[in-house]
Amino acid sequence: MENIVDQDQQWLVSCLNATLGINQEVRSFAEASLNQASLQPGFGGALSKVAANKEVPLGLRQLAAVLLKQFVKKHWQEGDDSFEHPIASSEEKETIRRHLLMSLDDPHTKMCTAISMAVGTIASYDWPEDWPDLLPLLLKMINDHTNMNAVNGALRCLNLISGDMDDTMMPTLIPMLFPCLHSIVSSPQIFDKPLRSKALSIVHSCVSILGAMSGVYKTEVNAIMEPMIKTWMDQFSIILEPPVQPEDPDDWCLRMDVLKCLNQFVQRYSSLTETEFIAILGPLWKTFVSTLRVYELSSIEGTVDAYQERYDSDGVEESLDSFVIQLFECLLSIIGSRKLVKVIGKNVEELVYYTVAFLQMTDQQIHTWSVDSNQYVADEDEMNYSCRVSGALLLEEVVSSCGRQGIDAIIGAATKRFSESQQQKAAGLSAWWRMREATVFALASLSEHLLAEEIPPHSKSSVGELIARIITEDIGISGIHEFPFLYARVFSSIAKFSSVINHEVSEQFLYAAIEAIGMDVPPPVKVGACRALSQLLPEAKKGLAEPHIMKLFLSLRDLLNQASNETLHLVLETLQVAVKAGHESSTSIELILSPVILNMWVMHVSDPFISIDAVEVLEAIKNAPGCIRPLVSRVVPAIGPILNNKQPDGLVAGSLDLVTMLLKNAPSDVVKALFDICFDSIIRIVLQRDDHSELQNATECLAAFVCGGKQEVLSWGDDSGFTMRSLLDAASRLLDPAMESSGSLFVGSYILQLILHLPSEMAQHMQDLTAALVRRMQSSQIAGLKSSLLLVFARLVHMSVPTVENFINLLITIPAEDYDNSLVYVMSEWTSQQGEIQGAYQIKVTTTALALLLATRHTELGKINVRGHLIKSNEQITTRSKAKLTPERWTQMPLPAKILALLADAMGEIQEQVLVVDDEDSDWEEVQGEGDLETDRDLLSSTGSTCFNRPTYDQLNAMAKVFNNENEEDGYEDDLLCGCDPLNEINLANYLVDFLMKFSQSDRPLFDHLCQFLTAAQRNAISMV
């Protein structure tokens, strides 16, 4: 009776059919009718009946199932983000659930997938509370081996809903579910490989959730898993034991799911699986070794099908590459386990030996990169995930986890592979270069690890000797056309080992790279040569490249005209390095290169990456002796008209960026020349334009004028008062709370330049400026803008010394929306944002300003409460849905205590950087254990009795050096501030130590009272002082 098409179904089928027609009017009318019907009671039920009715054509049933899924998302759960009225009734929901479950055994794969997805969507809302019989029904279908279609449908549903299971379901579910899944996986005579793969996919999901639980419920999880692990490991061994065969994607997929499960076992339950792992090691190794031969035939040689971009009905990739990557990930987890890596033992070199072979370039890569140099550069730069990249990560883990043994294994395996390539070359085999390129790729990928400071000198020497042997054999250019990728690899890798190879070898390659740039060679070779020059030129002896530098300039200039977008970046980067290395030829640099680079900049001004590269080359030319004035003379005549008239998108903003670069560290006469041409136009842009990029760049440009011209800037115009008024008008507009935050993004840096270089002129506007800063900060929608304005407030605190109390009193007099006054607002924002402030200069200024505020002991500070510590949830595991329903909650604490806490945080971070403390992030959230609470109590009781031992001078210097290196940020805005503000010379570690010592000694009762609000880590950071 269910398959009878009633009147309602007939109307719905007709509408669905009409939506697929070619007549636009009919199709639009049908779609509108369906939309209208979706708001009527029973529409979802009718869709479920059509989807379940096998008398209806398959395409229409599938469309009904898709629409049903959309219906569920819109009308099932009130309060959901996608919910739209009306809500489906309980009766309709029951009808839909019943018809969908009846259809799970549909023989058509696409239909089964659509039904399963609809069930999965409903389960995300109803299961288990409102659909308790779902799981028993699915388990019943799985156990009915007489209906393979039902097993398939049930497995698809379980696969979809397993990811939504939580810690409350797993303990009761797994003992029932895993035996059912094991019976499927272990019965190849009954179930095909895709079905067994689906079963393993569900196992993987469940084990992953259990693994997350093990952080809190370790004993309970081990009790669940321990009886099952051996059974599963035995089954994994059976699947992995036979050799991998070519052109069998179903088998690759099955093994891939085994590896995913094994990976979870290794990561989550290594203590349980150590003994079982020894038994599976043999089958796993057979899979690994036999896979290499299949990979060589399929991907490297391209003689059999590798099934690239093949996906199953659930969208899971089934290619050989995805299988190999999963194999590497599993091995990486094993090597990364302190217990299991011991089992590998003496086989590490053999593992490396086979892994290097996997790193050979594939036939597809050779074809793609030969015809598309853009793709070659992109893949090399971005290290797009592939077997090569995954294999290189495995080798990195070998070095990290196995130490000296790992390094010896790398050197030994690379030596063997190099020897094999020599033998292949001698035998006349055309593919000899592939293994050599893979060997160099492997060594280059590991260069940082192999040459790290802690590596013994003799190991570094061995690496240097090996790489020198490999690359010097190919130093000539006779085979450069025949084996371009080998030469490209050698060129791009040479500089990484310059510290351990002979200087003569490096010089030979430097000259060879210069030669290659000017030759008619394949693009990959020129790419490699550019990479070599970018790294070798800065390290070369002064004058070494001088005889060839003009030839290099001309070659790179010609290469610019041939380069495509991806390679253009590389050529410009190489030009920048070459200009810096060729300062002795500075008189010719500007004349030869500037016209070409400026033309390139104009052509690509709307491309932020290329235009920035071009400006950086121009900056290198500007910094060459004797080049700044010719360059400015070339640029200035064109810049004025650009800034005064409407231009194509990006040209005005780009021109402002160019002017800002020219102003940086420029002599006063150059700054004035640019001022005469550009200043008025830039002021008009700030006052009249709304384009965010133009406003941002114009703001930076004004800051550069003030920084470069200082007090003199006021005398350059006809009316010094007019110049000052123009600067203030610009500040007023940028601080206007009505302006979008993005347009005001760099106003903080601009204001800082005004108050640093024009202090007397700005002093008379201090109250208005402070009020404007508060209004702009309150309206800001961008955290970066707020941080920059907080930096201004911090600098104003410093400028108010020795009467910081007066600045506090000023803030109290200025109102702030929704706050008692501006002091309350500014300090609330400041204390919550301080941890997000970046940059050594910014952190120094804001941190020391907080100390100055605390030192005042102003009574108003103690009346303010601000956000304190995050209150941890009682939930043991925080899922996304729980986090969404439960927003973060914070304690409140007195402002002076919060300031002391922030100073302690800063001190602690500096101490950690010096001590190189490893901070291991957890993959799941855990509540603090009782042991941690005891530690807190011990630290709390010891704080009051701590004896303050002042750190030594050397320790403080070490802290300062590490702090500056860790927080150093590139960027012109930072350069402007760091170069002109004496506060940047502060040794933050020394400052904090002095302050904490004096503050604690001057008012010990207050200090002890404030320490009660600190965390154990914060108290410990202070106690170490």
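Residues numbered from 1 in each chain as written. Predicted model: local features only at pLDDT ≥ 70, side-chain atom pairs only at ≥ 80, totals over all residues. Heavy atoms only, no water.

Caption draft 1: Focus on the packing of aromatic side chains. Evaluated as defined, the whole model comprises 24 aromatic pairs. For the ring pair Trp369 and Phe485, a centre distance of 6.3 Å and an interplane angle of 50° mean the geometry is tilted. With Trp369 in helix α17 (residues 363–371) and Phe485 in helix α23 (residues 484–494), the pair connects residues that are 116 residues apart, well separated along the chain. Each member of the pair, Trp369 as well as Phe485, carries the same accessibility label: buried. With a centroid separation of 5.9 Å and 85° between ring planes, the pair formed by Phe675 and Phe705 is classed as edge-to-face. Placement of the pair is Phe675 in helix α32 (residues 668–688) and Phe705 in helix α33 (residues 692–709), with a sequence separation of 30 residues. (Phe/Tyr/Trp six-rings, centres within 6.5 Å; stacked < 30°, edge-to-face > 60°. Helix = DSSP H or I, 4+ residues; strand = E, 2+ residues; numbered from the N terminus. Buried < 20%, exposed > 50% of the residue type's maximum accessible area, 1.4 Å probe, protein only.)

Caption draft 2: Focus on helix α39 (residues 783–799). When the terminal C-alpha atoms of α39 are compared, their 25 Å separation across 17 residues agrees well with the 24 Å that a helix rising 1.5 Å per residue should span. For α39, the buried fraction is high: 14 of the 17 residues fall into the buried class. (Expected span 1.5 Å × (residues − 1).)

Caption draft 3: Fine view of the packing of helix α9 (residues 170–185) against helix α11 (residues 218–240). Between α9 and α11, the least distance of the axes is 11 Å, while the angle of their chain directions is 20°. Taken as axis vectors, α9 and α11 run roughly parallel relative to one another. Read as a crossing pair, α9 and α11 show a hand that is left-handed. Across the interface between the two elements, Pro171, Ile174, Pro175, Phe178, Leu181, His182 and Val185 from α9 touch Ile224, Met228, Thr231, Trp232, Gln235 and Ile239 from α11. Here the residues of the contact of α9 with α11 are counted per class, giving 10 nonpolar, three polar and no charged. (Axes fitted to C-alpha atoms, helices over the stretch in contact; angles between N-to-C directions. Parallel < 35°, antiparallel > 145°, perpendicular 65-115°, else oblique. Left-handed = near helix turned anticlockwise from the far one by under 90°. Contact = heavy atoms within 4.5 Å. Nonpolar A, V, L, I, M, F, W, Y, C, P; charged D, E, K, R; others polar.)

Caption draft 4: Just the packing of helix α19 (residues 387–426) against helix α20 (residues 432–445), in detail. Relative orientation of the contacting elements α19 and α20 amounts to 155°, with a least axis distance of 8 Å. It follows that α19 is roughly antiparallel to α20 by the angle criterion. As α19 packs across α20, the resulting crossing turns out to be left-handed. Here Arg388, Ala392, Leu395, Glu396, Ile410, Ala414, Arg417, Phe418, Ser421, Gln422, Gln424 and Lys425 of α19 lie close against α20, whose contacting residues are Trp432, Met435, Arg436, Glu437, Thr439, Phe441, Ala442, Leu443 and Ser445. For the contact of α19 with α20, the residue count by class is 10 nonpolar, five polar and six charged.

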